[in-house]
Amino acid sequence: MHMLDYDGSWAYRSLESAMLAGGHPGPTSTTASWVAARTRRTLRAFLQSRHHDERLRRDSSHDSLGLRPVWSTLIRATMERQPADRLAAVTETKATSAHLSGRPARGYLPQLDGMRAIAVALVLVYHFITPIPFAGQVGVDIFFVLSGYLITSILLVENERHGRIALKRFYARRAIRLYPPLLLVIAVLIVPGIILAPSSLKLVAETFLALTYTTPIALEFANGASVMWRHTWSLGVEEIFYLIWPLILIAIYHFRGRFTAWVAPAILVVGVAMASAQVFITLDGGVMSIFLRAGGLLFGCAVAIRFQAKSQTVGPAWGWAGLALIAGGIVASTATRNESIGVLFTLIGSTCMLAHAVSAPSSLNRALSIPPLAYIGRISYELYLWHYPLL
């Protein structure tokens, strides 16, 4: 028998005995009053417990795992090996959507995974068909725009909830999400790589660069070729961004107290300037700079801050125009053999698609949300890590 049931039965029996003893003034009446009060408290506790149990059952019924929605989401996130945006924002997704769009919380947005699927498909095709000309490498720039948006959204929501940005917690979440898959692919492939690589010492050095996310620094200043881990340059760019960008946001909050109307346009202008500089450098015969290419992250940052400052709807025409710009950029870069042109077009197109994807439903968003495409997007980080060293 439940303890509350036992206490309640005892209280009822005590009350009955007291009533049988008579209701005369004196000790018996006092005892009856005490028992009645005890009974009321016991019954109140019992009803509260039943209400709590019922609420737990009702909440757990929302998910087949029989758990509260937040914990179920976290477990599903682990089971599905979420990629970099969904990656760290599993518990913040609903709050981010509601806050940044000014609408009720909508939860996970599969159309963003659809955009990731397009990005990783472009990169995989580019590497698989090389040396056939195809500017699919611009898929990395779609990743940059999405990462800038999602990381900024997480930081803005955290600041709104807690009044500050907890750097240690943010960095820990990034490491927990991104480092294990990288360690796994290196652990599995390092020994075959050492055996097959022309220079095992060089491969070990490049592995160290990949583990420390310093590959882009080595490629930028040493311009050395990599055997297995060259593709980790983009991971390094994002990790450097993760280190610096939260500090910039904290500085803005510290000196301004809030984001003013000019912050998002200013960030976007910096991103456009960095991407445009790449075009002028390459047209003049120079080589692309990895760190100038990192300006793509600022495009996504600008979208997040803009939607945080003002609720608005970006129509489907923007999404379709963005998709057309990405396709046009790929064609232009493939035809001219100038990667920077495709990068600029892709950054602008991805920004248009993103702004629409997070603000309004449409046929484009439904197409991006179809399960096969969304699934590829969810495992895009792992696909990106494994494909290059296996080629």
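Definitions and limits used
Residues numbered from 1 in each chain as written. Predicted model: local features only at pLDDT ≥ 70, side-chain atom pairs only at ≥ 80, totals over all residues. Heavy atoms only, no water. Helix = DSSP H or I, 4+ residues; strand = E, 2+ residues; numbered from the N terminus. Buried < 20%, exposed > 50% of the residue type's maximum accessible area, 1.4 Å probe, protein only. Areas by Shrake-Rupley, 256 points an atom, 1.4 Å probe, with all protein chains shown as cover. Core = buried A, V, L, I, M, F, W, Y, C linked by side-chain atoms within 4.5 Å. Contact = heavy atoms within 4.5 Å. Expected span 1.5 Å × (residues − 1). Arc of directions from axis to C-beta. Axes fitted to C-alpha atoms, helices over the stretch in contact; angles between N-to-C directions. Parallel < 35°, antiparallel > 145°, perpendicular 65-115°, else oblique. Left-handed = near helix turned anticlockwise from the far one by under 90°. Nonpolar A, V, L, I, M, F, W, Y, C, P; charged D, E, K, R; others polar. Phe/Tyr/Trp six-rings, centres within 6.5 Å; stacked < 30°, edge-to-face > 60°. Polar contact = N/O pair within 3.5 Å; in protein donor to acceptor, adjacent residues only side chain to side chain. Salt bridge = Lys/Arg side-chain N within 4 Å of Asp/Glu carboxyl O. pLDDT = per-residue confidence, 0-100.

Undergrad: What should I look at first to understand the overall build of the protein chain in this one?
TA: Summing up its helical and strand segments, the protein chain has 19 helices and zero strands in all. The buried share of the protein chain, taken over its 391 residues, is 47%. Looking at the protein chain as shown, the accessible area adds up to about 19500 Å², and 68% of this sits on carbon and sulfur atoms.

Undergrad: Just checking my understanding: could you explain the nonpolar core for this structure?
TA: Soluble globular proteins: nonpolar side chains tend toward being buried together. The biggest cluster of nonpolar side chains holds 44 residues, and the ones touching the most others in it are Trp-229, Trp-233, Trp-245, Ile-267 and Ile-305. Listing elements by their share of this core, those giving two or more residues are α7 (139–162), α8 (167–196), α9 (200–211), α11 (233–256), α12 (263–283), α14 (296–309) and α19 (380–390). The greatest single-element share of this core, amounting to nine residues, is contributed by α11. Ignoring anything within four residues of it in the chain, the contact list for Ile-267 reads Trp-245, Leu-298, Cys-301, Ala-302 and Ile-305.

Undergrad: Explain helix α15 (residues 316–336) here, please?
TA: Along an α-helix, residues three or four apart share an orientation, since each turn contains 3.6 residues. For α15, built from 21 residues, the straight-helix expectation of 30 Å at 1.5 Å per residue is met to within 8% by its first-to-last C-alpha distance of 30 Å. Every buried residue belonging to α15 is among Gly-319, Gly-322, Ile-326, Gly-329, Ile-330 and Ser-333, and all of these are buried. Take α15 and look down its axis: the buried residues cluster within an arc of 95°, on one side only. Exposed residues lying more than 90 degrees from the buried face of α15 are Ala-317, Val-331 and Ala-335. Structurally, α15 contributes buried residues whose contacts are with α6 (110–129), α7, α16 (339–357) and α17 (363–368). Taken from the residues just after α15, Arg-337 is the one with a positive phi, measuring 60°.

Undergrad: Sorry, what's going on with the packing of α6 against α7 here?
TA: Axes are the key here: two packed helices are described by the angle between their axes and the distance separating the axes. Relative orientation of the contacting elements α6 and α7 amounts to 150°, with a least axis distance of 7 Å. For the element pair α6 / α7, the angle class is roughly antiparallel. Between α6 and α7 lies a crossing whose hand is left-handed. Across the interface between the two elements, Leu-112, Met-115, Arg-116, Ile-118, Ala-119, Val-120, Leu-122 and Val-123 from α6 touch Gly-139, Val-140, Ile-142, Phe-143, Leu-146, Tyr-149 and Leu-150 from α7. Of the residues in the contact of α6 with α7, the class split is 13 nonpolar, one polar and one charged.

Undergrad: Looking at this structure, how should I read unusual backbone geometry?
TA: Keep in mind that most residues, glycine aside, have a negative phi and that most peptide bonds are trans. Each neighbour pair has its own omega, and for Thr-130 with Pro-131 the value is 15°, a cis peptide bond. Tracing the backbone shows Pro-131 in the loop between α6 and α7. You will see that Tyr-213, though not glycine, has its phi angle at about 60°, which is positive. By secondary structure assignment, the location of Tyr-213 is in the loop between α9 and α10 (215–222).

Undergrad: Can you walk me through the packing of aromatic side chains in this structure?
TA: In this description, a pair of aromatic rings is defined by centroid distance and the angle of the planes. By the definition in use, this model includes eight aromatic pairs. A ring pair is formed by Tyr-179 and Tyr-213, whose centres lie 5.9 Å apart and whose planes are at 45°; its orientation type is tilted. A residue pair is termed long-range when its members are at least 10 positions apart, and Tyr-179 in helix α8 and Tyr-213 in the loop between α9 and α10 qualify at 34 residues. For Tyr-213, a relative accessible area of 12% puts it in the buried group. Taking 5.9 Å as the distance between ring centres and 55° as the angle between the ring planes, the aromatic pair formed by Phe-241 and Tyr-242 counts as tilted.

Undergrad: How should the packing of α7 against α14 be read in this particular structure?
TA: Relative to each other, α7 and α14 sit at 40°, their axes nearing to 6 Å. Classified by the angle their axes make, α7 and α14 are oblique. For the element pair α7 and α14, the recorded crossing hand is right-handed. Contacts from Phe-144, Val-145, Ser-147, Gly-148, Tyr-149, Thr-152, Ser-153 and Leu-156 in α7 reach Gly-296, Leu-297, Phe-299, Gly-300, Cys-301, Val-303, Ala-304, Ile-305 and Gln-308 in α14. Of the residues in the contact of α7 with α14, the class split is 10 nonpolar, seven polar and no charged.

Undergrad: What exactly am I supposed to notice about the side chain of Thr-232 here?
TA: Of note, Thr-232 is situated in the loop between α10 and α11. With a relative accessible area of 2%, Thr-232 lands in the buried category. A polar contact is formed between the side chain of Thr-232 and the side chain of Thr-215, at a distance of 3.0 Å. Within polar-contact distance, the side chain of Thr-232 engages the backbone oxygen of Trp-229 at 2.6 Å.

Undergrad: Honestly, the pattern of salt bridges in this entry has me stumped. Any pointers?
TA: Working definition: two side chains of opposite charge can pair if their charged atoms are close together. The tally for this structure, following the rule as stated, stands at seven salt bridges. As a salt-bridge pair, Glu-382 and Arg-177 come within 3.7 Å of each other at their nearest N and O atoms. Here the residue Glu-382 occupies a position in helix α19, and Arg-177 occupies one in helix α8, the gap between them amounting to 205 residues. When its relative accessible area of 8% is taken as the criterion, Glu-382 is described as buried. Two residues, Arg-293 and Glu-339, come together in a salt bridge whose shortest N-O distance is 2.5 Å.

Undergrad: Hey, could you run me through the confidence of the model for the protein chain in this one?
TA: As a general rule, the predicted coordinates of low-pLDDT regions are not to be interpreted in detail. Considering every residue of the protein chain, the mean pLDDT works out to 79; 71% of them sit at 70 or more. This stretch, residues 1–32, has a pLDDT under 50; its non-local contacts, to residues over four places away or in other chains, come to 23 contacts. For the stretch residues 52–106, pLDDT sits under 50, and the model shows 94 contacts to residues farther than four places along the chain or on other chains.

Undergrad: Hey, could you run me through the side chain of Thr-346 in this one?
TA: Looking at where Thr-346 falls in the secondary structure, it is placed in helix α16. Exposure remark for Thr-346: the relative accessible area of 0% places this residue in the buried category. In contact with Thr-346, other than residues within four places in its own chain, are Val-138, Asp-141, Ile-142 and Ile-326.

Undergrad: Help me understand α9 in this model?
TA: Helix length check: α9, at 12 residues, gives a terminal C-alpha distance of 16 Å against a target of 16 Å (1.5 Å per residue), a fit within 8%. Next to the buried residues of α9 lie α8 and α10.

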